[in-house]
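Structural overview
For reference, the chains in residue letters:
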Amino acid sequence: MARAENKVTAGNTTRLVAHIARMMRLQKGMTQEQVGIETGFSAAAISAMETCAQPASDQMLVALGRVLGDELGIFEQAREYVRLDKYPAQFKNYVLLEQKAVGLCLYATLVVHGLFQTEAYARALIGGGYPPLPEERVEELVEARIARKALLERKPVALIEVILEESMLRRTIGSQEVMRDQLSDLAECGKRRNVTLQVLPLDCSLGGEYAGAYGDMTLVETPEHDRLVYLEPQEECLLISDLTKASTYTQRYAKIRSQALGARESLGLIERLAGELE
């Protein structure tokens, strides 16, 4: 469903795509209803896209390219940038870094990291957040979050380390079925050659040390081999480039990793927890 406020807040790419689509439609002498029939969308959906009340989905952009003609690949190339427009404003700069990163070290404490969420888990998490979001905005954010998973398949490959708290794996989000599928998917991701998945166990602090006490963090290695730190406290986004601070976070991450279970033991724990939800 389209939202009137989108017309004001729409990003530049969304506006440009809407303008190009409308010009190409008029050049072909087609009505919104005709384009809708040819693309499999309603006339209202085409109108919402052209007025920026509802950004085009990936599926709509592919269909527009087919129906309106896209010899230059405009709609195809626009898919990545329209997706960026759907992210919260404070998150967009990080997403650009994430997509191009050669290495990521992730530590997540409360919920499965966004890069490894299934669609159902992401929908339950985003839809159950506060303040509540309109259903159409939930779907936009779910689509944008799942699109990030393309990094796992990207060439050249990105090397990804992820450490997850055991407590999050035991916290049911959505339903037992949603959580079981999420854990099973995590296990499959952990078998990828470019992914190292570890679990920080509940008893890791029995010796008096708990390196993860300060919460989530993301360490990013850029294609230029710069080292950046990304933090997301209470939906605020902080990107740290100061070398001294980045070094401290890197050392802290190394300590967290030393307290975590090994990759094989972690995989076994995740598979066992998934089996318990059968």
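Presented here is an overview of the structure given in this document. (Residues numbered from 1 in each chain as written. Predicted model: local features only at pLDDT ≥ 70, side-chain atom pairs only at ≥ 80, totals over all residues. Heavy atoms only, no water.)

1. Quick notes on unusual backbone geometry
A cis amide bond, omega 0°, links Tyr130 with the succeeding residue Pro131. Within the fold, Pro131 resides in the loop between helix H8 (119-127) and helix H9 (135-147). Cis geometry is found at the peptide bond from Lys155 to Pro156, where omega equals 0°. As for its position among the elements, Pro156 is in the loop between H9 and strand S2 (159-165). (Helix = DSSP H or I, 4+ residues; strand = E, 2+ residues; numbered from the N terminus.)

2. Notes on the packing of helix H2 (residues 12-27) against helix H5 (residues 58-68)
What describes two packed helices is the angle between their axes and the distance between those same axes. Between H2 and H5, whose axes approach to 11 Å, the crossing angle comes to 25°. Judged by the angle between their axes, H2 and H5 are roughly parallel. Seen along the crossing, H2 lies across H5 with a hand that is left-handed. Counting all contacts with H2, which are made through Val17, Ala21, Met24 and Arg25, the residues of H5 involved are Leu61, Leu64 and Leu68. Its residues assigned to classes, the contact of H2 with H5 comprises six nonpolar, no polar and one charged. (Axes fitted to C-alpha atoms, helices over the stretch in contact; angles between N-to-C directions. Parallel < 35°, antiparallel > 145°, perpendicular 65-115°, else oblique. Left-handed = near helix turned anticlockwise from the far one by under 90°. Contact = heavy atoms within 4.5 Å. Nonpolar A, V, L, I, M, F, W, Y, C, P; charged D, E, K, R; others polar.)

3. Here's the deal with a negative patch on the surface
Taken together, the side chains of Asp216, Glu232, Glu235 and Glu236 make up a negatively charged region of the molecular surface. Mapped onto the fold, Glu235 is located in the loop between strand S5 (227-231) and strand S6 (238-240). (Patch = residues over 30% accessible without salt bridge, like charges linked within 9 Å, V, L, I, M, F, W, Y side chains within 5 Å. Areas by Shrake-Rupley, 256 points an atom, 1.4 Å probe, with all protein chains shown as cover. Salt bridge = Lys/Arg side-chain N within 4 Å of Asp/Glu carboxyl O. Lys, Arg positive; Asp, Glu negative; His and termini not counted. Charge placed at Lys NZ, Arg CZ, Asp CG, Glu CD.)

4. Here's the deal with the environment of Leu239
By the element assignment, Leu239 lies in strand S6. Leu239 sits in the partly exposed class, given a relative accessible area of 45%. Residues contacting Leu239, with those up to four places away along its chain left out, are Leu97, Leu228, Val229 and Tyr230. (Buried < 20%, exposed > 50% of the residue type's maximum accessible area, 1.4 Å probe, protein only.)

5. Remarks on H5
Since one α-helical turn is 3.6 residues long, residues separated by three or four positions face the same way. Burial of H5 is extensive: eight of the 11 residues sit out of reach of the surface. Buried within H5 we find Asp58, Met60, Leu61, Ala63, Leu64, Gly65, Val67 and Leu68. Buried residues belonging to H5 abut H2, helix H3 (32-39), helix H4 (43-50), helix H6 (74-86) and H9. Just beyond H5, the residue with positive phi is Gly69, at close to 90°.

6. Focus on H2
Between the first and last C-alpha of H2 there are 22 Å, a value that for 16 residues agrees with the 22 Å anticipated at 1.5 Å per step. When we look at burial in H2, the residues that qualify are Thr14, Val17, Ala18, Ala21, Met24 and Arg25. The buried residues of H2 occupy an angular sector of 135° when the element is viewed end-on, so they sit on one face. Away from its buried face by more than 90 degrees, H2 exposes Asn12, Leu16 and Gln27. Buried residues along H2 sit against H3, H4, H5 and H6. Gly29 sits one or two positions beyond H2 and adopts a positive phi of about 70°. (Expected span 1.5 Å × (residues − 1). Arc of directions from axis to C-beta.)

7. Side note on the nonpolar core
With 42 residues, the main nonpolar core has Leu104, Phe116, Ile160, Leu169, Leu183 and Leu186 as its most contacted residues. Ranked by residues supplied to this core, first place goes to helix H11 (residues 176-190) with six residues. Apart from residues lying up to four places away in sequence, Phe116 is in contact with Leu106, Lys149, Leu152, Ile160, Val162, Gln182, Asp185, Leu186, Cys189 and Val195. The next biggest cluster of nonpolar side chains, apart from the first, holds 18 residues, and it includes Met30, Val35, Ala56 and Met60. (Core = buried A, V, L, I, M, F, W, Y, C linked by side-chain atoms within 4.5 Å.)

8. Concerning the side chain of Thr14
Structurally, the position occupied by Thr14 is in helix H2. Judged by relative accessible area, which is 5%, Thr14 ranks as buried. The residues contacting Thr14, other than those within four sequence positions of it, are Cys52, Pro55, Val82 and Asp85.

9. Let's talk about the packing of aromatic side chains
Tallying each qualifying case throughout the model produces three aromatic pairs. Taken together, the ring pairs connect Phe91, Tyr94 and Tyr230 into an aromatic cluster. Across from the ring centre of Tyr214, 4.2 Å away, lies the NZ or CZ of Arg252, which sits over that ring. (Phe/Tyr/Trp six-rings, centres within 6.5 Å; stacked < 30°, edge-to-face > 60°. Lys NZ or Arg CZ within 6 Å of the ring centre and 35° of its normal.)

10. Description of the pattern of salt bridges
Tallied over the entire structure, the rule returns 16 salt bridges. A salt bridge links Arg192 to Glu153; its shortest N-O distance comes to 2.8 Å. Taken together, the residues Arg192 in the loop between H11 and strand S3 (195-200) and Glu153 in the loop between H9 and S2 connect sequence positions 39 residues apart. Lys191 is the salt-bridge partner of Glu271, the closest N and O atoms lying 3.5 Å from each other. Here Glu271 is found in helix H13 (residues 263-276), whereas its partner Lys191 is found in the loop between H11 and S3, with 80 residues between them in sequence. Exposure remark for Lys191: the relative accessible area of 46% places this residue in the partly exposed category.

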